Amino acid sequence: MRVVVDLTRCQGYGQCVFLAPDVFTMRDEALLYDLQPAAEHREHVLRAAAACPVQAIHLDRTALPMPPPGAQEPRSAASGGDGRIVIVGASLAGARAAEVLRREGFTGSLTMIGDERREPYDRPPLSKQVLTGQVPPEHTLLPRLREVDAELLFGTPATGLDVAGKRVLLADGREIGFDRVLLATGTRARPWPDAAEGALHGVYTLRDARDAAELRQALAAGPRRVLILGAGFTGSEIASVCRELDLPVTVVERGPAPLFNAMGGVIGDVAARLQRDHGVDLRCGTTVTALESDGNGRLRGARLSDGSTVEADVAVVALGSVRNVEWLRDSGLAAGVWGVTCDAGCRAVDLNGLVTDDVFVAGDIARFPHPLYEYQFMSLEHWGNAVAQAEIAAHNMVSDQAHRWPHLSVPVFWSSQFGVNIKSVGVPTFADQVVFTQGSPEQGRFVAVYGYQGRITAAVTFDQAMWLEFYQRQIERAAPFPPDFRHVGGGVDGEPVPARVPERLVAAAGATVVVTGHDPAERRASLVHPH
């Protein structure tokens, strides 16, 4: 039996904790749960799923009562119900797309290609329950919501895409033909730039289940001190786990505060106080200049840019991610470090800016325009975006032009750290001001609303998740900023202040494109790759 909770929907009502206390626990507003509970808890989990007010609990199809014969979902009026579809990437987005394709009535050949040998699994628990030892890595498999009847080529990475010939090239030399293909190869952890230092025993990254298992083993051994490079969400969550395990931890962050790149300086200051209040040795505005060896291939510590040193026998490199797009280098698609450019319908764009008909993109690698944010292209490495975009892409792969949908979901993200449930809706960095509409940082529970040129663009909550849906509607209708309301439990008298968000960097900046040819029929663009 497999369980996954859509924490973007969870509002902390706690019905699941009441009905299945051996599976679900609540720490303040942060929900923790066993992803693969024992069979003896099945009935309790079914009741919890049924009672969830926001229907955030998803169960493996084998855990649910089978529908009576003939009660299958009706097939849609999709135009592409047969043929060959290949999904490259067998993580959350790829798995969800496969299920939606079958739900939409696709009856043709379906192939899933993944570089890992494991079934698709849920990644958010890797930096939380797995590191604390509450859940083993093998208990993070995603529920199978339905039978997808697919050919599974796991452990076989793709190495190339022939768009014209409609073939995916695999590392073992095979070629997989397709009529339509979905690209969902996700990201990997950005490694420490010095390969020799990064290979020291005691230096880790965290992205996949094997990373989590190795890091869990290192933390369980009781290191003298853990050094974390980077105070984004992953680094901050690992720091939280270290303090929960009563391990000394130092966090080194280049920016002025934790979470600065995602939420700006105002909330970053709150996050900094949260970390220090829990005993984290937080050093902002500083970088690690070198990881040092003890002479026997083991990590001894690190030198910092301010001239100081840190002694540590475990270091976690949490410096962001790298999109897995190298295999698309010669495909002719507009793919690079920024991801794979696509339209709002998830159709990939080629180097000439033309939309392709049969190549779709979803998940962390997709770079798409969002009308709510001035049609700017954005890539979102969020659980909720991977699910929502995969569903749109799958629907559009089997639909004609008149029935295709745009991907217009408002981004939602959550994190659980130091006992606080942090959630955001919208794009907090798309803002020039922020105001606290409920609670206050001093209380540790609040809603911060972000605005840009007079309209609401995002909201961040600390242990106030129940308000997220309300503010999502405000964002969707371009409600004026600052909001002219204060809610029960509010009482904040402050005025909007500068959001102190980082300068919006264009991921594609620096890309060199050349155009050749004279006749309109001959003019073509090509991307110049750096050597």
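Keep in mind the model is a prediction, meaning the values are calculated, not measured.

Helix and strand content of the protein: ten helices and 35 strands. Seen through its C-alpha atoms, the protein measures out along the principal axes to roughly 60 × 60 × 50 Å. Looking at the protein as a whole, 55% of its 531 residues are labelled buried. Sequence-distant contacts, at least 24 apart, represent 65% of the contacts inside the protein between residues at least 6 apart. Within the structure as shown, the protein displays about 23200 Å² of accessible surface, and the carbon and sulfur contribution to it stands at 50%. Computed over 51 positive and 63 negative side-chain charges, the inter-centroid distance for the protein is 1 Å.

According to the stated counting rule, one finds two cavities of 30 Å³ or more in the structure shown. Size it by volume and the largest cavity reaches roughly 150 Å³. Every residue lining the largest cavity is counted, 18 residues in all, and those nearest its centre are L7, L31, Y33, K128 and W414. For the lining of the largest cavity, the element with the highest residue contribution is strand β3 (residues 30-33), accounting for four residues. Of the residues assigned to the lining of the largest cavity, the class counts are eleven nonpolar, three polar and four charged. Looking at which domains feed residues into the lining of the largest cavity, each of domain 1 (1-63) and domain 2 (81-186 + 324-410) supplies at least three.

With that out of the way, let us pick up the packing of aromatic side chains. Using the criterion set out here, one finds nine aromatic pairs in the structure. Taking the centre distance of 4.4 Å and the plane angle of 50 degrees together, the rings of F233 and F413 count as tilted. In this pair, F233 is assigned in helix α7 (residues 233-244) and F413 in strand β28 (residues 412-417), connecting sequence segments 180 residues apart. F233 gets classed as buried once you look at its relative accessible area, which sits at 16%. Measuring from centroid to centroid gives 5.0 Å for F470 and Y471, while their planes differ by 85 degrees, and the two rings are edge-to-face. By the ring-pair criterion, three or more aromatic residues cluster together here, those being Y373, F430 and Y452. Sitting over the face of the ring of Y121, R118 holds its NZ or CZ atom 4.6 Å from the ring centroid.

There is about 680 Å³ of room inside the second largest pocket. Surrounding the second largest pocket, 30 residues form its lining, D6, T8, R9, V412 and Q472 being those nearest its centre. Residue assignment for the lining of the second largest pocket shows that the elements contributing at least two residues are α9 (383-397), β29 (420-426) and α10 (468-476). Considering each element in turn, the lining of the second largest pocket owes the most residues, six residues, to α9.

Taken together, three strands build an open sheet; the order of strands is β17-β18-β19 and the sheet is antiparallel. The two strands at the open ends of the sheet, each matched to only one other strand, are β17 (288-293) and β19 (309-311). Neighbour to neighbour, the strand axes of the sheet diverge by 20 degrees on average, direction disregarded. Sheet analysis places strand β18 (residues 299-304) next to β19, joined by three bridges and oriented antiparallel. Within β19, the position partnered with A302 by the bridge is V310.

The rules behind each value
Residues numbered from 1 in each chain as written. Predicted model: local features only at pLDDT ≥ 70, side-chain atom pairs only at ≥ 80, totals over all residues. Heavy atoms only, no water. Helix = DSSP H or I, 4+ residues; strand = E, 2+ residues; numbered from the N terminus. Buried < 20%, exposed > 50% of the residue type's maximum accessible area, 1.4 Å probe, protein only. Contact = heavy atoms within 4.5 Å. Areas by Shrake-Rupley, 256 points an atom, 1.4 Å probe, with all protein chains shown as cover. Lys, Arg positive; Asp, Glu negative; His and termini not counted. Charge placed at Lys NZ, Arg CZ, Asp CG, Glu CD. 1 Å grid on protein atoms, 1.4 Å probe; cavity = no way out; pocket = protein on both sides within 12 Å on 5 of 7 lines; lining within 4 Å. Points joined across faces, edges and corners; volume = space filled by probe spheres on them. Nonpolar A, V, L, I, M, F, W, Y, C, P; charged D, E, K, R; others polar. Domains from an automatic or database assignment. Phe/Tyr/Trp six-rings, centres within 6.5 Å; stacked < 30°, edge-to-face > 60°. Lys NZ or Arg CZ within 6 Å of the ring centre and 35° of its normal. Pairing = 2+ DSSP bridges. Axes fitted to C-alpha atoms, helices over the stretch in contact; angles between N-to-C directions.

Note that all results are geometric; they support no functional claim without further evidence.
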